[in-house]
Amino acid sequence: MKKIAIISPSVRRGRKSHRVALWFKSYLEENNLAESEILDMAEYRFPLFDERLKKQENPLPEAQKFAGKISSADGVIIISPEYNGGYPASLKNVIDLLTDEWRDMPVAISPVSDGPFGGTQVITSLQFTLWKMGAWTVPTMFPVPRVSEAFNEEGLPADPESMSKRTARFTGELLRCIMASELPAED
Ligand SMILES: Cc1cc2nc3c(=O)[nH]c(=O)nc-3n(C[C@H](O)[C@H](O)[C@H](O)COP(=O)(O)O)c2cc1C
């Protein structure tokens with residue numbers, strides 16, 4: 001069974017995007033598609049980035065734990081709320097923390113907003129950063145507009161049928177990229 005890590009970056013009180021992380025976890029597990037774990041930045045509460053993990057002299061155990069979770073995952077889903085047209089500092093904080101862990105890692109992005117556009121303005125900057133780090137960004141995205149209407153606090157969708165259909169396509173693309181990433185590289 002493949003392992004998928006779901007990064008939930010919002011540390012805001014009353015946050016909404018975490019609902020989408022809950023949904024992906026239950027969808028993957030209930031459909032026996034993958035094991036999954038939510039890496040919740042509100043739990044990790046990392047300090048502001050001051051150096052890449054591999055260059056730190058006394059790394060925090062939480063940072064090492066986070067790095068281990070990413071490197072042992074076969075693929076990653078990043079939930080990204082849109083803050084002023086970009087992705088949150090809490091997400092950049094942990095992307096920059098890691099280096100080799102991102103290389104060849106299939107990463108699928110789900111931008112989220114509470115407005116009508118589904119946070120899609122975060123896509124270009126987030127994809128570009130991940131591409132710079134050697135991650136395999138999955139072309140299919142999963143925008144969630146009006147998140148507080150689309151999901152309740154437990155991560156249950158208001159329209160389970162259409163949400164499941166979209167999620168099947170999105171997670172299917174991620175799993176296909178995971179399989180492709182396991183093929184040996186050409187010499
Ligand atoms: C600082 C800040 C900036 C925001 N900027 C945008 C924006 O540029 N576009 C947008 O559609 N929504 C924007 N929003 C609304 C968020 O997408 C919405 O609040 C969403 O629920 C944020 O995710 P969170 O609740 O998990 O933190 C902003 C919210 C915050 C807190």
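Residues numbered from 1 in each chain as written. Predicted model: local features only at pLDDT ≥ 70, side-chain atom pairs only at ≥ 80, totals over all residues. Heavy atoms only, no water.

Engineer: Run through the overall build of the chain, naming residues and quoting values.
Structural biologist: Regarding its fold elements, the chain presents seven helices and five strands. The helix and strand sequence of the chain, counted from the amino end, reads β-α-β-α-α-β-α-β-α-β-α-α. In terms of overall size, the chain behaves like a compact globule, its C-alpha atoms giving a radius of gyration of 16 Å where 187 residues would be expected to give roughly 16 Å. Overall, the C-alpha framework of the chain stretches about 50 × 40 × 30 Å when taken along its three principal axes. The long-range share in the chain, meaning contacts at least 24 apart out of those at least 6 apart in sequence, stands at 78%. Considering the chain, the positive charge centre built from 22 side chains and the negative charge centre built from 26 side chains are found 4 Å apart. (Helix = DSSP H or I, 4+ residues; strand = E, 2+ residues; numbered from the N terminus. Rg over C-alpha atoms; globule rule 2.2 N^0.38 Å. Contact = heavy atoms within 4.5 Å. Lys, Arg positive; Asp, Glu negative; His and termini not counted. Charge placed at Lys NZ, Arg CZ, Asp CG, Glu CD.)

Engineer: Tell me what's going on with the sheet that holds strand β4 (residues 106-112), and back it up with residues and numbers.
Structural biologist: The parallel open sheet is built from five strands, whose spatial order is β2-β1-β3-β4-β5. In this open sheet, the two strands that pair with only one neighbour each are β2 (35-40) and β5 (136-137). The pairing of strand β1 (residues 3-8) with strand β3 (residues 75-81) spans four bridges and is classified as parallel. Following the sheet pairing, Ile-6 is matched in β3 by Ile-77. Here helix α5 (residues 122-132) sits on the sheet in contact with β3, β4 and β5, set at roughly 160° to β4. (Pairing = 2+ DSSP bridges. Axes fitted to C-alpha atoms, helices over the stretch in contact; angles between N-to-C directions.)

Engineer: Break down the pairing of β1 for me, citing the residues and quoting the values.
Structural biologist: Most of β1 is tucked away, with five of its six residues classed as buried. Of the strand pairs in this sheet, β1 and β2 are connected by six bridges, and their pairing is parallel. Looking at the pairing, Ile-7 lines up with Leu-39 of β2. The parallel pair β1 and β2, bridged by helix α1 (residues 18-30), forms a crossover whose chirality is right-handed. (Buried < 20%, exposed > 50% of the residue type's maximum accessible area, 1.4 Å probe, protein only. Right-handed = clockwise from strand over helix to strand, strands pointing away.)

Engineer: Please set out the environment of Ile-123 residue by residue, giving values where relevant.
Structural biologist: If you trace the backbone, Ile-123 turns up in helix α5. Here Ile-123 falls in the buried class, since its relative accessible area comes to 12%. Along the primary structure Ile-123 and Ala-73 are separated by 50 residues, whereas in three dimensions their C-alpha atoms are 22 Å apart. The residues touching Ile-123, leaving out its near neighbours within four places in the chain, are Ile-109, Pro-111 and Met-141.

Engineer: Provide a residue-level description of the packing of α1 against helix α7 (residues 160-181), including the pertinent values.
Structural biologist: It is at 11 Å that the axes of α1 and α7 come closest, and there the two elements cross at 75°. As judged from the angle between their axes, α1 and α7 are roughly perpendicular. Contact residues: α1 offers Trp-23, Phe-24, Tyr-27 and Leu-28, while α7 offers Met-163, Ser-164, Thr-167, Ala-168, Phe-170 and Thr-171. Class assignment of the residues belonging to the contact of α1 with α7 gives a composition of seven nonpolar, three polar and no charged. (Parallel < 35°, antiparallel > 145°, perpendicular 65-115°, else oblique. Nonpolar A, V, L, I, M, F, W, Y, C, P; charged D, E, K, R; others polar.)

Engineer: An account of α7 is requested, with residue identities and associated values reported.
Structural biologist: With 22 residues, α7 extends 31 Å from end C-alpha to end C-alpha; this agrees with the ideal 32 Å at 1.5 Å per step. Of all the positions in α7, only Met-163, Thr-167, Phe-170, Thr-171, Glu-173, Leu-174, Leu-175, Cys-177 and Ile-178 are classed as buried. As for α7, its buried residues are in contact with β1, α1, β3, β4, β5 and α6 (147-150). (Expected span 1.5 Å × (residues − 1).)

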